[in-house]
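The residues making up each chain are set out below.
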Amino acid sequence: MIACEGTRCRIAGAVTVDSVGGLLRELRPHLAQQVDTLDFSGVETADSAALALIFSAMRQARQSGRTLSCTGLPASFVTLAELYGVSELLPA
């Protein structure tokens, strides 16, 4: 589930291979507008697809001339990013 207000979108629930496609479809129009912050504090479960969501969102924001920041990243996101060697790419 995604709830957006102003320039921030809060993502809640599961961010997994089963849900990330729908989350990206829901998020795209917001990223094309003014959203520049993703809040992951409501995420309950995540797998490596969460990284794909973040990097796809970063790419879309960049195409719109903005940078994207992420808040509330669960420790599992950071662990996965370290495992895949991409932790330095995560937006702070």
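A quick note: this is a predicted structure, and the numbers were derived from the prediction, not measured.

## Quick look at the overall build of the chain
1) Next: Scanning the chain from terminus to terminus reveals three helices and four strands.
2) Next: Its helices and strands taken in sequence order, the chain reads β-β-α-β-α-β-α from the N to the C terminus.
3) Next: For 92 residues, the compact-globule estimate of 2.2 N^0.38 gives 12 Å, and the chain sits close to it at 12 Å.
4) Next: Expressed as lengths along the three principal axes of its C-alpha atoms, the size of the chain is roughly 30 × 25 × 20 Å.
5) Next: Across the chain, the fraction of contacts at a sequence separation of at least 24, relative to all contacts at a separation of at least 6, is 74%.
6) Next: Carbon and sulfur atoms make up 53% of the accessible area of the chain, which amounts to about 4,900 Å² in all.

## Focus: the pairing of strand E2 (residues 8–15)
One face of the sheet, then the other: side chains in a regular strand alternate in exactly this way.
1) Next: Bridge analysis of strand E1 (residues 2–5) against E2 gives four bridges, and the strand direction is antiparallel. Each residue of the ladder has a partner; that of Ala3, found in E2, is Arg10.
2) Next: Taking the residues that link successive antiparallel strands as the turn, the E1-E2 hairpin has two residues, and the phi of Gly6 there is positive, at about 65°.
3) Next: Where E2 lies against strand E3 (residues 37–46), seven bridges are found, and the strand directions are parallel. Pairing of Arg8 across the sheet is with Thr37, part of E3.

## Some words on the packing of helix H2 (residues 49–63) against helix H3 (residues 75–84)
1) Next: Relative to each other, H2 and H3 sit at 85°, their axes nearing to 9 Å. Classified by the angle between their axes, H2 and H3 sit roughly perpendicular to one another. Within the contact between the two elements, H2 uses Ala50, Leu51 and Ile54 and H3 uses Phe77, Leu80, Ala81 and Tyr84.
2) Next: When the residues that make up the contact of H2 with H3 are grouped by side-chain class, the tally is seven nonpolar, no polar and no charged.

## Examining helix H1 (residues 20–32)
1) Next: Under the 1.5 Å per step criterion, the end-to-end length of H1 is 18 Å for 13 residues, consistent within 8% with the ideal 18 Å.
2) Next: At Glu26, H1 is deflected by roughly 30°, the largest bend along its length, and proline Pro29 occurs up to four residues later in sequence.
3) Next: For H1, the full list of buried residues reads Val20, Leu23, Leu24, Leu27 and Leu31.
4) Next: Where H1 is buried, its residues contact E1, E2, E3 and H2.

## Focus on the state of the cysteines
What we call a disulfide is simply a covalent bond connecting the sulfur atoms of a pair of cysteines.
1) Next: Throughout the structure, instances matching the rule amount to one disulfide.
2) Next: Disulfide pairing is shown between Cys4 and Cys9; the S-S distance is 1.9 Å. Between Cys4 and Cys9, the S-S dihedral sits near 105°, and the bridge is therefore right-handed.
3) Next: Taking the relative accessible area as the measure of exposure, Cys4 reaches 29% and is therefore partly exposed.

What counts and what doesn't
All chains use their own residue numbering, which begins from 1 and follows the written sequence. Reporting in this predicted model follows two pLDDT cut-offs: at least 70 for local features of residues, and 80 or more for side-chain atom pairs to be given and counted; totals over whole chains, interfaces and linings ignore these cut-offs and use all residues. In computing side-chain properties, one takes all heavy atoms of the structure into account and sets aside hydrogens as well as water. Numbering of helices and strands runs from the N terminus; a helix is a DSSP stretch of H or I covering at least four residues, while a strand is a stretch of E covering at least two. Radius of gyration: C-alpha atoms only; globule rule: 2.2 Å multiplied by the number of residues to the exponent 0.38. The contact criterion used throughout is that any non-hydrogen atoms of two residues lie within 4.5 Å. Computed by Shrake-Rupley with a 1.4 Å probe, the accessible areas treat only the displayed protein chains as cover when residues are assessed. By definition, two strands form a pair when at least two bridges between them are found by DSSP. To obtain each axis, a line is fitted to C-alpha atoms, and for helices this fit is confined to the stretch in contact; angles are then taken between N-to-C directions over 0 to 180 degrees. Any angle that is under 35 degrees is reported as roughly parallel, and any over 145 degrees as roughly antiparallel; angles of 65 to 115 degrees are reported as roughly perpendicular and all others as oblique. In the scheme used here, Gly and all other residues not listed as nonpolar or charged are polar, with Ala, Val, Leu, Ile, Met, Phe, Trp, Tyr, Cys and Pro taken as nonpolar and Asp, Glu, Lys and Arg as charged. Take the number of residues in a helix, subtract one, and multiply by 1.5 Å to get its expected span. A residue's bend is given by the angle between axes fitted to the 7 residues ending at it and the 7 residues starting at it. Exposure categories follow from relative accessible area, calculated using a 1.4 Å probe and restricted to protein chains: below 20% of the type maximum is buried, above 50% is exposed, and the middle band is partly exposed. We call a pair of cysteine sulfur atoms a disulfide when they lie within 2.5 Å.

Take it as geometry only, folks, not as evidence of what the structure does.
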